[in-house]
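# Secondary and tertiary structure notes
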Amino acid sequence: MEFKWKVLGVVSIGSLMGAIDSTVLIIAFPSIARDLSASLAEMVWAIMIYTLMGTALVLSLGRISDMKGRKRMYNAGFVVFIVGSALCGLATDGLQLVLFRGLQGIGGAMLVANGFAILSDVFPPNERGRAFGMISVVWGVGSVFGIGVGGLILSVTDWRWIFWINVPIGIVATGLAFAILRESVTPNPKDTFDLPAAVLFTLGLSAFLLGITEGILNGWTAPITVWPLVSSVPLLVAFVLWEGYYSRDPILPFELFRSWLFSASLIAAVLQGIALFSTNFLLMVYFQGIRGVPVLTAAFLLIPLSATLSIFGPLGGRFSDRYGARVISTLGLLIQAAVLFAFATITASTSLWVVAGYEAALGVGGGLFFPANTSAVMSGVPRPQYGVAAGVMMTLRNSAMALSFAVGLVALTASLPTGTAAAIFGGSFSPQTAASLGYSAARLDSIFVGGMRTVFVVAGALVLGAAVFSIFRGREYRAGATEIGHVRSVREPRREIGAESGVAPARSTQAASDALPSSVPAADR
């Protein structure tokens, strides 16, 4: 097996662990809350802290990996993730679970910050779409697998095993990573880590996400919501000023954004993320709160989206390698926009088969967009900054996720009478609940679905905006598989051909780089 496919296998295991862990906790939510006597706020934070850690730290961790080594950071990520998972299974109350999930989130951030960079090291530009497409398959399968595994574990044993199952998988993955990966970064003693920038960015983004989370829990005018949101502004402004004017080795080199390919691809990803990330949440609430289906049935009703995403992810990657990311990712966005506008037509009596069909089409668009757009992002930066680029991409992606949930919840709760939102979101809505508020159940269903339609219309408009940036991003540089600039120290060590074999040794990398046509950018040599 070629070395790059071995590396893809290692990165896929890390992605699979993250994908399973992102959905399995949702299934176990009620069981954990009862067993630990945890409050709703503690349980929400047990979910959100994982995303917060990954969002706030991934940029700094990407910079450190560019300086100190991606293999080292990736392997350390496995270890931290394993320890965090084991401790989550040992938690005795809600606060401990939140803290240990935060540790697990740090390990996940270390994996995410390096996974795309490691793949970009070993796959040349014209093959990255295929690699990222396979990762989208892993995420799609892992999300569904997490639902199934979570349900199976809860049916035969304790909820703690949803965390402990990560331990043996993680140990195997760590051993494979140590055995297979090769270090692609040679530490430079002159490189320094910009600690003030890391502190400002982490505090500013954490305050922003804290405000978003508390806004969802306690309302958008509560002091615990307002103060973090307000304080995040000067912290993030100070970060930008420090990085732009004072930092010697910035963790976020702003010159990256001079690449229109990089910037437009990121904007497209952010707009698409804000529009799409709350879709599963809205559908879960619709299935349980309006249609009255059980939680596990509602979870399985989301399988069509993950299934088509898994099928079309590799196809989207292959098509982007052949035709370029601009065409394929834009096509995916247009499909998703059309589906979101179709979602805006559903009612409380729409056939669930129709809804499932819309989900499948949404997954087709996602399968075309994700690998193509990720390939364009990584192709828009020079190799020494792959870690930072991946960190920026995942930071914005996770921030878009938080914003998406906030926008969806605000739009829905604003249209609902007081006292009905908690019942609908908790799946306990009933005709009796409606009657106690002086409404008929059909009337409240209509109000909820109307709010949901508004969210889908706004989401469709955002995705159309993403398509505009996608089509006008320009063409990415996609050299062939023999491009010398992508044969690096991360690959398996070369076997020197001795003079006794009678075969002349291969040209040096520098000589081969000098022989490249002048049209090849220097950063890609």
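The rules we used
- Residues numbered from 1 in each chain as written.
- Predicted model: local features only at pLDDT ≥ 70, side-chain atom pairs only at ≥ 80, totals over all residues.
- Heavy atoms only, no water.
- Helix = DSSP H or I, 4+ residues; strand = E, 2+ residues; numbered from the N terminus.
- Buried < 20%, exposed > 50% of the residue type's maximum accessible area, 1.4 Å probe, protein only.
- Contact = heavy atoms within 4.5 Å.
- Areas by Shrake-Rupley, 256 points an atom, 1.4 Å probe, with all protein chains shown as cover.
- Core = buried A, V, L, I, M, F, W, Y, C linked by side-chain atoms within 4.5 Å.
- Expected span 1.5 Å × (residues − 1).
- Salt bridge = Lys/Arg side-chain N within 4 Å of Asp/Glu carboxyl O.
- Phe/Tyr/Trp six-rings, centres within 6.5 Å; stacked < 30°, edge-to-face > 60°.
- Axes fitted to C-alpha atoms, helices over the stretch in contact; angles between N-to-C directions.
- Parallel < 35°, antiparallel > 145°, perpendicular 65-115°, else oblique.
- Left-handed = near helix turned anticlockwise from the far one by under 90°.
- Nonpolar A, V, L, I, M, F, W, Y, C, P; charged D, E, K, R; others polar.
- pLDDT = per-residue confidence, 0-100.
- Bend = angle between axes of the 7 residues up to and from the residue.
- Polar contact = N/O pair within 3.5 Å; in protein donor to acceptor, adjacent residues only side chain to side chain.

Check the secondary structure of the chain and you find 20 helices and 0 strands. When the 525 residues of the chain are sorted by exposure, 53% land in the buried category. Sequence separation of at least 24 residues holds for 83% of the intrachain contacts in the chain that already meet a minimum separation of 6. A total accessible area of about 21800 Å² is found for the chain, and carbon and sulfur atoms account for 69% of it.

Further remarks concern the nonpolar core. Ranked by internal contacts, the top residues of the largest apolar core, which has 75 residues, are V7, I32 and L97. Counting residues per element, this core draws most heavily on helix α1 (residues 3-36), at 13 residues. Residues in contact with I32, not counting those within four places in the same chain, are L25, S37, M43, L97, W159, I162 and F163. Grouped together as the second largest cluster of nonpolar side chains are 35 residues, L282, A298, L305 and V463 included.

Moving on: the side chain of E243. The topology assignment puts E243 in helix α9 (residues 223-245). If we skip the residues at most four places from it in the chain, E243 touches D194, A197, P250, I251, L252 and F254.

The next subject is α9. The end-to-end C-alpha distance of α9, which contains 23 residues, comes to 34 Å, matching closely the 33 Å that a straight helix rising 1.5 Å per residue would cover. For α9, every residue scored as buried is listed here: T225, P228, S232, F239 and E243.

Quick look at the pattern of salt bridges now. Going through the model one piece at a time under the given rule, you end up with 2 salt bridges. Because the salt bridges share partners, they merge into one network encompassing D35, D158 and R160.

Another aspect to go through is the environment of L52. Counting through the fold element by element, L52 comes out in helix α2 (residues 40-68). A residue is classified by how much of its surface remains accessible, and L52, at 7% relative accessible area, is buried. For the pair formed by L52 and I106, sequence separation is 54 residues and the distance between their alpha carbons is 9.3 Å. Ignoring anything within four residues of it in the chain, the contact list for L52 reads W45, S206, L209 and L210.

Okay, the environment of G460 next. In this fold, G460 is placed in helix α19 (residues 441-471). When its relative accessible area of 0% is taken as the criterion, G460 is described as buried. Along the backbone, G460 and L276 are 184 residues apart, and their C-alpha atoms lie at a distance of 8.9 Å. Residue contacts for G460: discarding those within four places in its chain leaves A337, L340 and F341.

Moving on, we get to the packing of aromatic side chains. All told, the structure shown has 12 aromatic pairs when counted by the stated rule. Centroid distance Y74 to F78: 5.2 Å. Interplanar angle 85°. Geometry classified as edge-to-face. Here Y74 and its partner F78 are both found in helix α3 (residues 70-89), 4 residues apart, which amounts to about one turn of the helix. With respect to burial, Y74 and F78 carry one shared label: buried. Aromatic pair F369 and F370: ring centres 5.7 Å apart, planes at 65°, arrangement edge-to-face.

It is worth spelling out the packing of α3 against helix α4 (residues 94-122) at this point. One way to put it is that α3 packs onto α4 with a least axis distance of 7 Å and a crossing angle of 155°. On the basis of their axis angle, the class for α3 and α4 is roughly antiparallel. Remark: the crossing between α3 and α4 carries left-handed chirality. Within the contact of α3 with α4, the residues separate by chemical class into 17 nonpolar, 8 polar and 3 charged.

Within the element layout of this structure, S37 appears in the loop between α1 and α2. Separated by 57 residues in sequence, S37 and G94 have C-alpha atoms that sit 7.2 Å apart.

The next thing to look at is the confidence of the model for the chain. Averaged over all residues, the pLDDT of the chain is 76; the fraction at 70 or higher stands at 77%. Of all secondary-structure elements in the chain, the lowest mean pLDDT belongs to helix α20 (residues 509-514), at 40, while helix α14 (residues 325-343) reaches the highest, 92. Long-range and interchain partners of residues 479-525, a stretch whose pLDDT sits below 50, account for 62 contacts in this model, where long-range means more than four residues apart.

Let us look at α4. An ideal rise of 1.5 Å per residue puts 42 Å on 29 residues; α4 measures up with 42 Å between its terminal C-alpha atoms. Of all bends in α4, the biggest is about 25°, found at G115. α4 sits mainly inside the fold: 22 of its 29 residues count as buried. Residue D93 occupies the N-cap position of α4, its side-chain oxygen lying 3.1 Å from the main-chain nitrogen of L95.

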